[in-house]
2 protein chains.
Amino acid sequence: MTDFKSILNADVALINEKLALYVSESSFAGRESEGLSAMLEAMEYSLSNGGKRIRPVLVLEFCRLFSGDAVSAVSLACAVEMIHTYSLIHDDLPCMDDDDMRRGKPSSHVKFGYANALLAGDALLTLAFETALSDSSLDFSVRVKAALELAKAAGASGMIAGQVMDLANEGRQAALTDIAETDKRKTGELIRVSAVMGCIAAGASDEQLSKACEYCEAIGLAFQIVDDILDVTGDKEELGKPIGSDADKNKSTYVSCLGLEESKRYAAELTEKAKAAVSGFENSQFLVQLADELCGRSN
Amino acid sequence: MTDFKSILNADVALINEKLALYVSESSFAGRESEGLSAMLEAMEYSLSNGGKRIRPVLVLEFCRLFSGDAVSAVSLACAVEMIHTYSLIHDDLPCMDDDDMRRGKPSSHVKFGYANALLAGDALLTLAFETALSDSSLDFSVRVKAALELAKAAGASGMIAGQVMDLANEGRQAALTDIAETDKRKTGELIRVSAVMGCIAAGASDEQLSKACEYCEAIGLAFQIVDDILDVTGDKEELGKPIGSDADKNKSTYVSCLGLEESKRYAAELTEKAKAAVSGFENSQFLVQLADELCGRSN
């Protein structure tokens, strides 16, 4: 447990340090402009807003699991976090979920205005690719393969398809299969590609890649189920958002479809499945523990 | 002139064919979903909306000028057109320029709704990188260099900085230097990077790259000045948008700062500068003629 926490803290510290650097003025030396400063401020605001950094941690830890140099994969880790953050900014916009708060702070459009929030999201999406592609410590082939997988996972058939389906599900009692398919795209694809990029950076085998995907598919789904459970049973302060917001929006969730107890049982089952996918590899303790932590979390 | 038109038509036909393919269901075989179809429809609608394809033509023609295989650069050409198209979709949104019409047809958000237009823009931006990175006819190093330049040009210090400055300029009498700086980012960066990507695909020298940038900086600025002139003197039917929209918005333009005659003179001077930058190279006739056509255009 102590080991787990210290590794997690070290990973998150490295990720946060690099993220801050990528959106600092110094990273854009020679490319300054009035418009840039306004953007960097909005990008930094959302990037530093207390996320759990699960996706970038998965990049580093799957790279490490398969004997890669995790530190050299930090650019890829930051890239996926930028994509995740842009998607939250755009999801919160009035034309999408219309959420004024994000992790206990005003949403980007509340803080910076609608147009700047839109553009800050666009800029983070674009910077994700600049970040992954500009890391000269990675071979050209690694950069292409990793950024390509990221683009596919984030694109029209991946995360964005999930956002479209999520909007379609709102205000109707969607079936469990619709919810599962939506979550698989909307949150599952970025979680999966995090492990995939870590594997690419490490030069992992197809067999290793396949086990990594199995792990991520299970924790991705479990993560979403726990989210739905916390929306019913959680603590407003710990979550940083109101409780019952799904029910208020008449949104179908795992809890509304399966009930609370069955949802908890299913999340636990998926957690065991995730652990089984990686436990055969040496040094998998961190990822095994991470699955347990994500399932047992309170925010 | 006949040669120019036939080359241009062949380039545009190739670009249009490939663009249609990239947003077709068949390109996403094995990745189908309900959300994907809705996105592809919206992406295709805006991509096929009668653009002049100046940016992708510049990719192909600078590749050809420096003895590269222009056909192999078509993925890069399509990538920059996708970025251009996404920026138009987001620019037209109510929170930005709030334009209901684009090239004589309803804007994306009028046709598909606000959320879908936002997401279709995001999806095109993402697909641009997928397209550039997935072309196995290009070396890994070419793909990395070209996509990285594209990300920088489209990002927070490039096109997006220009969009931020453009919003700041609205409703105030901006100085000519502000307008020039805004245009250099908002439209100039994508025009410049089109030539840069063509040069990268051709393996051009630094000297050739520098001349290509000189050409693009001049035509980029001339193009914007002609846009402002046409907003005063143009024909509504040919332009596909109302005349006088800049004045209605109290927007500073080259015409409002310099007057009509001085604006025309300046555009002509920049056109000569562009032609001079490339006319020393063998087979530069197309690019010389293109500069003249862009300056003398009526839409």
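Residues numbered from 1 in each chain as written. Chains lettered and ligands numbered in written order. Predicted model: local features only at pLDDT ≥ 70, side-chain atom pairs only at ≥ 80, totals over all residues.

(A) Expanded view of helix α4 (residues 74-92) of chain A. Relative to the 27 Å expected for 19 residues at 1.5 Å per residue, α4(A) spans 27 Å between its end C-alpha atoms, a close match to the ideal helical length. A large share of α4(A) lies buried, amounting to 19 of its 19 residues. (Helix = DSSP H or I, 4+ residues; strand = E, 2+ residues; numbered from the N terminus. Expected span 1.5 Å × (residues − 1). Buried ≥ 20, exposed ≤ 12 C-beta atoms within 10 Å, placed from the backbone.)

(B) Molecular detail of the relation of the copies chain B and chain A. For the match of chain B to chain A, the screw axis carries a shift of 0.0 Å, the RMSD comes to 0.0 Å, and the turn is 180°. Look at the turn and shift together and you get a two-fold axis relating the two. In terms of C-alpha distance to the rotation axis, chain B has B:Phe140 as its closest residue, with the C-alpha 2.8 Å off the axis. Comparing interface residues between copies, 98% of those in chain B also sit at the interface in chain A, which points to an isologous, same-surface contact. (Least-squares fit on C-alpha atoms with pLDDT ≥ 70 in both. Contact = placed C-beta atoms within 7 Å.)

(C) Up close: the interface of chain B and chain A. On the chain A side, the residues contacting the 48 residues of chain B number 47 residues. The leading source of residues in the side of chain B that touches chain A is helix α6 (residues 114-133) of chain B, at twelve residues. Considered class by class, the residues forming the side of chain B that touches chain A number 30 nonpolar, ten polar and eight charged. (Nonpolar A, V, L, I, M, F, W, Y, C, P; charged D, E, K, R; others polar.)

(D) Broad picture of the confidence of the model for chain A. Confidence in the prediction for chain A averages 94 pLDDT; 98% of positions are at 70 or higher. Among the prediction metrics, the complex's ipTM stands at 0.96, with pTM recorded as 0.96. (pLDDT = per-residue confidence, 0-100.)

(E) Fine view of the nonpolar core. Ranked by internal contacts, the top residues of the largest apolar core, which has 200 residues, are A:Met39, A:Leu150, B:Met39 and B:Leu150. Ranked by residue count, the leading element in this core is α6(B), at 13 residues. Leaving out residues up to four positions away in the same chain, A:Met39 has contacts with A:Leu119, A:Ala120, A:Ala123, B:Ala156, B:Ile160, B:Ala161 and B:Val164. (Core = buried A, V, L, I, M, F, W, Y, C linked by C-beta atoms within 7 Å.)

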